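Okay, here's what each chain looks like letter by letter:
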Amino acid sequence: EPEDVQACFASVYQHLKKDGLFLFDVHSMMKMNELFAGHTFGSVEEEVAYIWECFAGEEENSVYHDLSFFVKEESGLYQRFDESHYQRTYPIDTYIKMLENVGFKVSSLIGDFDPNVPLDQAERWLFAVTKNV
């Protein structure tokens, strides 16, 4: 929930020294809604294979991930492991407001490790924020 994200930011803020730097990244809304939701991914290698299914979540800009891993054991047989994940993201303005609410100043915001990538086309948003004292 947004309150949980802001609580995380507040905790990081409290642990930083004056002018401390906090770097983090999040999935963009485009990635959640267009690249994840409704898609299946997979990979087959000698030691491990996986199937990764993505479903739109109930909340806006959220997805569920169901993953099945097949890991090769010494016997040559594969052991199956299943995981489920839930992810949610928010508009950039929401992140900025949360950060500013706890005292951070946004120093930099880029997409996909490239300042030339338009934020609305980026898969990941990378934030650099400083403790504003």
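That block above? That's the structure.
All values reported here derive from a predicted model rather than from experimental measurement. (Residues numbered from 1 in each chain as written. Predicted model: local features only at pLDDT ≥ 70, side-chain atom pairs only at ≥ 80, totals over all residues. Heavy atoms only, no water.)

### A few points about the packing of aromatic side chains
In total, this model carries 13 aromatic pairs according to the counting rule given. A ring pair is formed by Phe9 and Phe24, whose centres lie 5.2 Å apart and whose planes are at 45 degrees; its orientation type is tilted. Here Phe9, found in helix 1 (residues 2-15), pairs with Phe24, found in strand 1 (residues 21-27); they are 15 residues apart in sequence, far enough to count as distant. The residues Phe9 and Phe24 share a single accessibility class, namely buried. Aromatic side chains Phe22 and Phe104 sit 5.8 Å apart centroid to centroid with 35 degrees between the ring planes, which places their arrangement in the tilted category. Here Phe22 is found in strand 1, whereas its partner Phe104 is found in strand 6 (residues 104-111), with 82 residues between them in sequence. For Phe22, a relative accessible area of 15% gives the class buried. With a relative accessible area of 2%, Phe104 lands in the buried category. Above the plane of the ring of Tyr13 lies Lys131, whose end atom (NZ or CZ) is 4.8 Å from the centre. (Phe/Tyr/Trp six-rings, centres within 6.5 Å; stacked < 30°, edge-to-face > 60°. Helix = DSSP H or I, 4+ residues; strand = E, 2+ residues; numbered from the N terminus. Buried < 20%, exposed > 50% of the residue type's maximum accessible area, 1.4 Å probe, protein only. Lys NZ or Arg CZ within 6 Å of the ring centre and 35° of its normal.)

### What about the packing of helix 1 against helix 3 (residues 92-102)?
The N-to-C vectors of helix 1 and helix 3 enclose an angle of 45 degrees; their axes lie 9 Å apart at closest approach. Of the possible angle classes, the one that applies to helix 1 and helix 3 is oblique. Helix 3 is crossed by helix 1, and the crossing has right-handed handedness. Listed contacts from helix 3 to Pro2, Val5, Gln6, Phe9, Ala10 and Tyr13 of helix 1 are Tyr95, Met98, Leu99, Asn101 and Val102. (Axes fitted to C-alpha atoms, helices over the stretch in contact; angles between N-to-C directions. Parallel < 35°, antiparallel > 145°, perpendicular 65-115°, else oblique. Left-handed = near helix turned anticlockwise from the far one by under 90°. Contact = heavy atoms within 4.5 Å.)

### Section: the sheet that holds strand 1
Strand order in the open sheet formed by three strands is 1-7-6, and the pairing between neighbours is antiparallel. The open sheet has two edge strands with one neighbour each: strand 1 and strand 6. Pairwise comparison of adjacent strand axes, ignoring direction, gives a mean angle of 20 degrees for this sheet. As paired elements, strand 6 and strand 7 (residues 124-131) share seven bridges and run antiparallel to each other. Paired with Gly111 across the strands is Trp125, a residue of strand 7. With respect to the sheet, helix 2 (residues 29-36) is in contact with strand 1 and strand 7, its orientation differing from that of strand 1 by roughly 25 degrees. (Pairing = 2+ DSSP bridges.)

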